[in-house]
Amino acid sequence: MNLSNMALSKIAAITTVTAIAVVLVAGCVSVTVSNKDRIVMGVQANGTSIAGLSKKEAHKFFTDTAAKKLQRKAAVLTYKERNFQIDPADINLHGNVDEAVETAYNIGRDGTPIENIINQMRYAIFGATVTMDASFDEQLLNSKLQQIKTAIDTPPKNGSVTLLADGSIRKTPAVTGLSLEIEPLAAELAPDFKTFNLTVKKELSPAEQLPFVQDNDLASMDGILGSYTTRFYPGDRGDNIGLAASHLQGALIRSGATLSFNDTVGPRTREAGYKNAGVIIYGEHAVDVGGGVCQVSSTLYNAILLAGLTPVERTGHFASSSYVPAGRDATVADGLIDFVFRNPLPHPVYLTVANSGSALTVYVLGTKADLAGKSIALVTEGSSMRPSLYRLWKQNGQVIEREFLHTDAYEPLKNT
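Since the model is a prediction, treat every value here as computed from it, not as a measurement.

Engineer: What is the right way to look at the sheet that holds strand β14 (residues 252-253) in this model?
Structural biologist: Whether parallel or antiparallel, the strands of a sheet pair through hydrogen bonds between backbone atoms. In space, the four strands of this open sheet follow the order β13-β21-β20-β14, with antiparallel pairing throughout. What marks the edges here is a single partner per strand, and that holds for β13 (223-231) and β14. Both β13 and strand β21 (residues 359-366) contribute to a ladder of eight bridges, which runs antiparallel. Bridging from a neighbouring strand, S227 pairs with Y363 of β21. Here helix α10 (residues 293-306) sits on the sheet in contact with β13, β20 (349-355) and β21, set at roughly 150° to β13.

Engineer: Please clarify how the environment of I118 should be interpreted in this entry.
Structural biologist: Summarising the element assignment, I118 is placed in helix α4 (residues 113-126). C-alpha separation for the pair I118 and G108, spaced ten residues apart in sequence, amounts to 8.4 Å.

Engineer: I tried to follow the side chain of T331 on my own but got confused; where do I start?
Structural biologist: In this structure, T331 sits in the loop between β18 (310-313) and β19 (340-342). According to the relative accessible area criterion, T331 is buried, its value standing at 10%. Here T331 is in contact with C294, S297, T315, G316, H317, I337 and D338, once residues within four sequence places are set aside.

Engineer: Explain helix α6 (residues 182-194) to me, please; I cannot follow it from the model alone.
Structural biologist: In an α-helix, one turn spans 3.6 residues, which is why side chains three or four residues apart end up on the same side. An ideal rise of 1.5 Å per residue puts 18 Å on 13 residues; α6 measures up with 18 Å between its terminal C-alpha atoms. At E188, α6 shows its largest kink, close to 25°, and the proline P191 lies no more than four residues downstream. Among the residues of α6, I182, L185, A186, L189, A190 and F193 are the ones counted as buried. Residues of α6 that are buried make contact with β3 (75-79), β4 (82-86), β7 (134-135), α5 (138-152) and β11 (201-203). Where α6 terminates, the next one or two residues include F196, which has phi positive at roughly 65°.

Engineer: Explanation requested: the pattern of salt bridges in the structure shown.
Structural biologist: Opposite charge on two side chains makes pairing possible when the charged atoms of those side chains draw close. Inspection of the entire model under this criterion finds 14 salt bridges. Residue K60 is joined to D64 by a salt bridge in which the shortest nitrogen-to-oxygen separation is 2.8 Å. One end of the pair is K60 and the other is D64, both in helix α2 (residues 55-70) and four residues apart, which spans about a single turn. Judged by relative accessible area, which is 53%, K60 ranks as exposed. Among the residues examined, D64 registers a relative accessible area of 33% and is labelled partly exposed. Two residues, R314 and D329, come together in a salt bridge whose shortest N-O distance is 3.2 Å. Here D329 lies in the loop between β18 and β19 and R314 lies in the loop between β18 and β19, a separation of 15 residues in the sequence. Taking relative accessible area as the criterion, R314 reaches 18% and is therefore assigned buried. A relative accessible area of 1% places D329 in the buried class.

Here is what the cut-offs are and how they apply
- Every chain begins its residue count from 1, and numbering advances along the sequence as written.
- Local features in this predicted model are restricted to residues of pLDDT 70 or higher, and side-chain atom pairs are both shown and tallied only at a pLDDT of 80 or more, whereas totals for entire chains, interfaces and linings draw on every residue.
- Values reported for side chains reflect all heavy atoms of the structure, with hydrogen atoms and water molecules removed beforehand.
- Here the rule is simple: two strands pair whenever DSSP picks up at least two bridges between them.
- The numbering of helices and of strands both runs from the N terminus, where a helix is a DSSP run of H or I of at least 4 residues and a strand a run of E of at least 2.
- Here, two residues are considered to be in contact whenever any of their heavy atoms come within 4.5 Å of each other.
- Every axis in this analysis is a line fitted to C-alpha atoms, fitted for helices over the stretch in contact. Angles between the N-to-C directions lie between 0 and 180 degrees.
- Burial classes follow relative accessibility: with a 1.4 Å probe on protein chains only, a residue under 20% of its type's maximum area counts as buried, one over 50% as exposed, and anything between as partly exposed.
- Multiplying 1.5 Å by the helix residue count minus one yields the expected span of that helix.
- What the bend at a residue measures is the angle between two axes, fitted to the seven residues ending there and to the seven starting there.
- Between Lys or Arg on one side and Asp or Glu on the other, a salt bridge is scored when a side-chain nitrogen of the former is within 4 Å of a carboxyl oxygen of the latter.

What follows is the structure, encoded as structure tokens:
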């Protein structure tokens, strides 16, 4: 190639580059001019081009878009056959219109002038998408979920046994408790609400709380294993007896388990509703809060002995009591003396009480087959000051076992 040809080639190359530059500059200028105070070319939202819209026009576009997304839609939470609906208005769900407008308008305007020109050309060719999200009032959502929780939550309820007048029993099924946790539920729903997803259909899973007395505990119960009645005079002492006995109602003792009288009945205090009545303290008659409760523990003691249950912890009074034969009492005192018994039978037993206002009866219900056809009688031998108690196990009217229980040593009262 000679020098003249080389010169011509250089001139041609310079001319081509110059032409391209002029076209690019002209295009950039054209784009920049057309995008002035408008959303730049190539920008779209919700599948629709919003290029060339002013901020005011874009605001209307996003407002209309949000309205369409929220129209006639609601999230549905279900639990079994029950449905709970959350409407947009319930939680003040709304589109973040202002934020979407600013995002759309700032596309291609967030750099230097040269960068903006180049970016606007790129968006005009390749496009850009704006996604509007939503906001809601968290307190309103929590309030709505709390309403649903209130409708679902159920306290556990023990199964129960009612003793009928003819000696038969009626069983009431247990109720499993339900508790719905709303904090994790709110966190789970939030992302859907923030993206306008109101087609949510969620099955709720409240936590189950099993009652202590369940249906299988009562399944084999068919009657009275043992019972005992003591009598009293109405008044403050009688009120204390009724209050303490009410805590025994419905107590279940599973096979091999024990029952503590003090733990079951609770402290005998004025705050618990007990009144001042006669008691024996250090061998002397006195008046103290909760007087009369020992009659309840003694009545229970005789009932469990006749039902074939095993005393574990039992203490006699300082002096013999008037409401049970000598040697068949069981004294108790808050934090000092307890009465405890164990269920050695194959199936659970269940306590129920009857209080006429002048007579207290404690029934031990259970499975009659556990006693294998045996009956039980109590026999006291010795003097009234030093009685020995025996439990007689009988089969077909014949004594097959004579069980020694204890010998008590009473003292005369120091006053009357």
